[in-house]
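# Descriptive structure summary
The residues making up each chain are set out below.
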Protein chains: 2
Amino acid sequence: MQLMEEKIIAEGQVLPGGILKVGSFLNQMIDTAFLKEMSEEIARLYADCGVSKILTIESSGISIATAVGMQMGVPVVFAKKHKTSNVDGAVYSTSVHSFTHNTDYTVVVSSDYLLAGDNVLLVDDFLANGKALLGLIDLAEQAGASVSGAAVAIEKGFQGGGDKLRAQGVRVESLAIIDSMTDTDVTFRP
Amino acid sequence: MQLMEEKIIAEGQVLPGGILKVGSFLNQMIDTAFLKEMSEEIARLYADCGVSKILTIESSGISIATAVGMQMGVPVVFAKKHKTSNVDGAVYSTSVHSFTHNTDYTVVVSSDYLLAGDNVLLVDDFLANGKALLGLIDLAEQAGASVSGAAVAIEKGFQGGGDKLRAQGVRVESLAIIDSMTDTDVTFRP
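The residue count restarts for each chain, going from 1 along the sequence in the order it is written. Each chain takes a letter, starting from A, and each ligand takes a number, starting from 1, following the order in which they are written. With pLDDT at 70 or above as the cut-off, local features in this predicted model cover only qualifying residues; side-chain atom pairs require 80 or more to be listed or tallied, and sums for whole chains, interfaces and linings still use all residues.

### Re the overall build of chain A
Going by this rule: The way it works is that DSSP assigns letters per residue, a run of H or I at least four long becomes a helix, a run of E at least two long becomes a strand, and they are numbered from the N terminus. C-alpha atoms define the radius of gyration, and 2.2 Å times the number of residues to the power 0.38 defines the globule rule. With C-beta atoms placed from the backbone, a residue is labelled by how many other C-beta atoms lie within 10 Å of its own: buried for 20 or more, exposed for 12 or fewer, partly exposed between the two. Contacts here follow a simple rule: the backbone-placed C-beta atoms of the two residues must lie within 7 Å.
Of the regular secondary structure elements, chain A holds 5 helices and 11 strands. Computed over the C-alpha atoms, the radius of gyration of chain A is 16 Å, within 12% of the 16 Å expected from 2.2 N^0.38 for a compact globule of 190 residues. Considered along the principal axes of its C-alpha atoms, chain A spans approximately 50 × 35 × 30 Å. For chain A, buried positions account for 45% of its 190 residues. The contacts of chain A with a sequence gap of at least 6 include a subset with a gap of at least 24, amounting to 59%.

Below, the structure is given as structure tokens:
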């Protein structure tokens, strides 16, 4: 998506440690006109897949998942992070490793909302090592749901998670794939 | 909003301890068609107020705030919860008391995104004791921004927070106001 690359170049900031700051339009503040364009593009990419639900992980993916759900006319289900695996009610749960915080956390979703027969599209803002998406795929499999694929706003291609998922046969669509970042420059995958 | 009352009656569940479970359309899963109707109603209520930004608090308010921002064509700014007040960068911060968890937490928003001259609409999913909205008003005041008012999906009228805010001169619009709840019944404010 040419527009996403232009947006990153215009408004993104590279911080020390390989962090891309996109607070002005995706994280701390949402540019809702741009969000609409992102969701239209994702809806177009997965238009003919029979998607019945969007599945995302709280909290940074909620905005884009909500916009995609509205655009595609399907519900959005949130997997929630819990510090312990001790969760009430009937849930599916999985463990996700966070490299950012160097810890494992438990992610749960109510079995009332993710069903056998569902065909889910995974939506998130960032894709780096792919652990969050792998966790969502695990939750979908536990529910007996199928997965059309994943759609993310920005993929950090140099962290390899997206390509690992593709190698496993998961369809991954990223609105921009960053191949490398220096302190002054961002290079996109052609 | 008649539609919201009907939705609560049809899909809401009252749990012990005065908890209203609306996971099927507002919390754990978002009914995006209904979310669109909520956002249209909120946009109508605040249509002539010159709102420049939506301000919400992560994470349960993100979906409805995003939908309202898209409907009104303005950006959405997230105030974020932090366990400590030790936050990098230029931020406004305030302390909010959570009755649910019986603890105070710090809420911050970047000073890059909340500006003097902004006219913000506060959006959240629930209004109970009003502490979260008071925190957001404090953040707006620190930034020198004005506040058009607040819009929430469901107000627990019997907890008094909404009426306290109204008594202070804050415009508060709730799509449904619950006057009382028993284990089997929900009564709305006429």
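### Notes on the nonpolar core
The test is simple: By definition, a nonpolar core groups buried Ala, Val, Leu, Ile, Met, Phe, Trp, Tyr and Cys residues that are joined through C-beta atoms within 7 Å.
Counting 120 residues, the largest nonpolar core has Val68(A), Leu136(A), Ala140(A), Val68(B), Leu136(B) and Ala140(B) as its most contacted members. Those residues within four positions of Val68(A) in sequence are excluded, and the remaining contacts are Ser39(A), Ile42(A), Ala43(A), Ile54(A), Val123(A) and Ala151(A).

### Observations concerning helix H4 (residues 131–143) of chain B
All names here are of chain B. Worth spelling out the cut-off: Under the convention used throughout, the expected extent of a helix is 1.5 Å for every residue step, that is, one less than its residue count.
Across its 13 residues, H4 extends 19 Å between first and last C-alpha, which sits within 8% of the 18 Å expected from 1.5 Å per residue. Of the residues making up H4, those classed as buried are Ala132, Leu133, Gly135, Leu136, Ile137, Leu139, Ala140 and Ala143. Directly after H4, the chain includes Gly144, whose backbone phi takes a positive value near 75 degrees.

### A few points about the interface of chain A and chain B
Selection criterion: For this scheme, ten residues count as nonpolar: Ala, Val, Leu, Ile, Met, Phe, Trp, Tyr, Cys and Pro. Four count as charged, namely Asp, Glu, Lys and Arg, and the remainder, Gly too, count as polar.
The partner chain B presents 25 residues to the 25 residues of chain A that form the contact. Mapped onto the side of chain A that touches chain B, the elements with two or more residues apiece are strand E3 (29–30), helix H2 (32–45), helix H3 (62–72) and strand E5 (76–82) of chain A. For the side of chain A that touches chain B, the element with the most residues is H3(A), which contributes 6 residues. When grouped by side-chain class, the residues that make up the side of chain A that touches chain B number 13 nonpolar, 9 polar and 3 charged.

### Quick notes on the environment of Ile64(B)
All names here are of chain B. If you trace the backbone, Ile64 turns up in helix H3 (residues 62–72). Along the backbone, Ile64 and Met38 are 26 residues apart, and their C-alpha atoms lie at a distance of 8.0 Å. Once you skip the residues sitting within four places of it in the chain, Ile64 turns out to touch Leu35, Met38, Val123, Asp125 and Ala153.

### Here we look at the relation of the copies chain A and chain B
Keep this limit in mind: Copies overlap after least-squares fitting; the atoms used are the C-alpha atoms of residues with pLDDT of at least 70 in both.
Of the transformation superimposing chain A on chain B, the axial component is 0.0 Å and the angular component is 180 degrees, with the fit at an RMSD of 0.0 Å. Such a combination of turn and shift is consistent with a two-fold rotation axis. A share of 100% of interface residues in chain A that are also interface residues in chain B marks the association as one of identical surfaces.

### Looking at the pairing of strand E10 (residues 172–181) of chain A
Residue and element names in this part refer to chain A. What counts, and what does not: By the convention used here, strands pair only if DSSP detects at least 2 bridges between them.
Summarising the sheet, strand E9 (residues 146–156) and E10 pair through 6 bridges and their orientation is parallel. Bridge pairing links Ala150 to Val172 in E10. Between E10 and strand E11 (residues 186–188), which follow one another and run antiparallel, lie 4 residues.

### Comments concerning the pairing of strand E10 (residues 172–181) of chain B
Note that E10(B) and strand E11 (residues 186–188) of chain B share 3 bridges and pair antiparallel. Within the sheet, the bridge partner assigned to Met181(B) lies in E11(B) and is Val186(B).

### Looking at the packing of helix H2 (residues 32–45) of chain B against H3(B)
Residue and element names in this part refer to chain B. Counted only if it meets this: To define axes, lines are fitted to C-alpha atoms, for helices over the stretch in contact only, and angles between the resulting N-to-C directions are given on a 0 to 180 degree scale. Each angle gets one of four labels, with under 35 degrees taken as roughly parallel, over 145 as roughly antiparallel, 65 to 115 as roughly perpendicular, and the rest as oblique. A crossing counts as left-handed when the near helix is turned anticlockwise from the far one by less than a right angle, and as right-handed when that turn is clockwise.
At a minimum axis distance of 8 Å, the contact between H2 and H3 shows a crossing angle of 60 degrees. It follows that H2 is oblique to H3 by the angle criterion. Considering only the axes of H2 and H3, their crossing is right-handed. Facing Leu35, Lys36, Met38, Ser39, Glu40, Ile42 and Ala43 of H2, the residues of H3 in contact are Ser63, Ile64, Ala67, Val68, Gln71 and Met72. Tallied by class, residues from the contact of H2 with H3 come to 8 nonpolar, 3 polar and 2 charged.

### Details of the environment of Pro75(B)
Along the chain, Pro75(B) falls in the loop between H3 and strand E5 (76–82). C-alpha separation for the pair Pro75(B) and Glu155(B), spaced 80 residues apart in sequence, amounts to 24 Å. Ignoring sequence-local partners within four residues, the contact set of Pro75(B) consists of Met29(A), Ile30(A), Asp31(A), Thr32(A), Lys53(B) and Gly69(B).

### Examining the packing of H3(A) against H3(B)
Relative orientation of the contacting elements H3(A) and H3(B) amounts to 60 degrees, with a least axis distance of 9 Å. Relative to H3(B), H3(A) is oriented oblique. Between H3(A) and H3(B) lies a crossing of right-handed hand. Contacts from Ile62(A), Ser63(A), Thr66(A), Ala67(A) and Met70(A) of H3(A) reach H3(B) at Ile62(B), Ser63(B), Thr66(B), Ala67(B) and Met70(B).

### Observations regarding the confidence of the model for chain A
Quick reminder of the rule: Each residue gets a pLDDT score, which is the predictor's confidence in that residue and runs from 0 to 100.
Per-residue pLDDT for chain A averages 93, and the proportion of residues at 70 or more is 97%. Scored as a whole, the predicted complex attains pTM 0.95, and scored at its interfaces, ipTM 0.94.

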